[in-house]
Amino acid sequence: MTEPRLEAPRHTAARSALDPWPGEVTWRPVSPRLVALELTRVSISTAIMLAVCGVIWAFTGSSWALVAAVAVLVLTVVRGVVAVRAARSYGYAERERDLLVRHGRMVRHLSIVPYARMQYVDVVAGPLERSFGLATVQLHTAAAASDATIPGLEPAEAARLRDRLAALGEDAGEGL
């Protein structure tokens, strides 16, 4: 008679205690157009800084203006990479009693905002956001430090989320 064969226990990938993203929720990403919006912001600020360097060089002829322009271009590449990674890191999840908002790659942020603690919800879309067809949802609570922001949402999704959060806040009998 053969003895039953014992298998070594299989180890599943355990979540680190330092990983702030709860794995049991379904994360919703923001629009991929947020990347283009952030790159446009970086490009606009770069153009302004290069224009200043050009004006300084034109009036003074200083080679330091050209060195500054090269430095601006190098920093623009770094800022562009960081902006893309930051934009792609945003996500949110709706749970039964709270909303989770995450962002950040190197320094990870997780905000958990209970529906009952929300005072009001804003949907904001500046001219640049509107040109990309995006909006930002801002959640306000009694503690200013706990306010959360979800940028890069489609306007219809931002309105749906605002209305849902308002309804859930009212149902909780507190906040909103």
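Keep in mind the model is a prediction, meaning the values are calculated, not measured.

## Overview of the UniProt feature "transmembrane region" (unreviewed entry) in the chain
In step 1: Using the residue numbers shown here, the UniProt feature "transmembrane region" (unreviewed entry) corresponds to residues 39-59 and 65-87.
In step 2: Span residues 39-59 is 100% helix and 0% strand, its end C-alpha atoms 30 Å apart.
In step 3: Taken end to end, residues 65-87 has its terminal C-alpha atoms 32 Å apart, with 100% of it in helix and 0% in strand.

## Topic: the nonpolar core
Burial of nonpolar side chains together is a common tendency in soluble globular proteins.
In step 1: Grouped together as the largest cluster of nonpolar side chains are 25 residues, with contacts concentrated most on L99, M118, L139, I150, L153 and L165.
In step 2: Residue assignment for this core shows that the elements contributing at least two residues are α1 (33-60), α2 (63-89), β3 (98-103), β5 (118-124), β6 (135-141), β7 (148-153) and α4 (155-171).

## As for the packing of α1 against α2
In step 1: Where α1 meets α2, the axes come as close as 9 Å, and the angle between the chain directions of the two elements is 170°. It follows that α1 is roughly antiparallel to α2 by the angle criterion.

## Description of a nonpolar patch on the surface
In step 1: Together, I44, I48, V52 and I56 line one region of the surface with nonpolar side chains, adding up to about 350 Å² of accessible area.
In step 2: Within the secondary structure layout, I44 lies in helix α1.
In step 3: On the accessibility criterion, I44 (43% relative accessible area) is partly exposed.

## Overview of the pairing of strand β4 (residues 109-114)
In step 1: The pairing of β3 with β4 spans 6 bridges and is classified as antiparallel. In the sheet register, V101 faces β4, and the bridge partner there is S111.
In step 2: Here β3 folds back onto β4 in antiparallel fashion, the turn holding 5 residues, of which G104 has a positive phi close to 100°.

## Looking at the pattern of salt bridges
In step 1: A complete count under the given rule lists 9 salt bridges for this structure.
In step 2: With a shortest N-O distance of 3.6 Å, R28 and E157 are connected by a salt bridge. Here R28, found in strand β1 (residues 28-29), pairs with E157, found in helix α4; they are 129 residues apart in sequence, far enough to count as distant.
In step 3: Using a relative accessible area of 34% as the deciding quantity, one classes R28 as partly exposed.

About the cut-offs
- Residues numbered from 1 in each chain as written.
- Predicted model: local features only at pLDDT ≥ 70, side-chain atom pairs only at ≥ 80, totals over all residues.
- Heavy atoms only, no water.
- UniProt positions renumbered as here; feature names shortened; annotations may be inferred.
- Helix = DSSP H or I, 4+ residues; strand = E, 2+ residues; numbered from the N terminus.
- Core = buried A, V, L, I, M, F, W, Y, C linked by side-chain atoms within 4.5 Å.
- Buried < 20%, exposed > 50% of the residue type's maximum accessible area, 1.4 Å probe, protein only.
- Axes fitted to C-alpha atoms, helices over the stretch in contact; angles between N-to-C directions.
- Parallel < 35°, antiparallel > 145°, perpendicular 65-115°, else oblique.
- Patch = residues over 30% accessible without salt bridge, like charges linked within 9 Å, V, L, I, M, F, W, Y side chains within 5 Å.
- Areas by Shrake-Rupley, 256 points an atom, 1.4 Å probe, with all protein chains shown as cover.
- Salt bridge = Lys/Arg side-chain N within 4 Å of Asp/Glu carboxyl O.
- Pairing = 2+ DSSP bridges.

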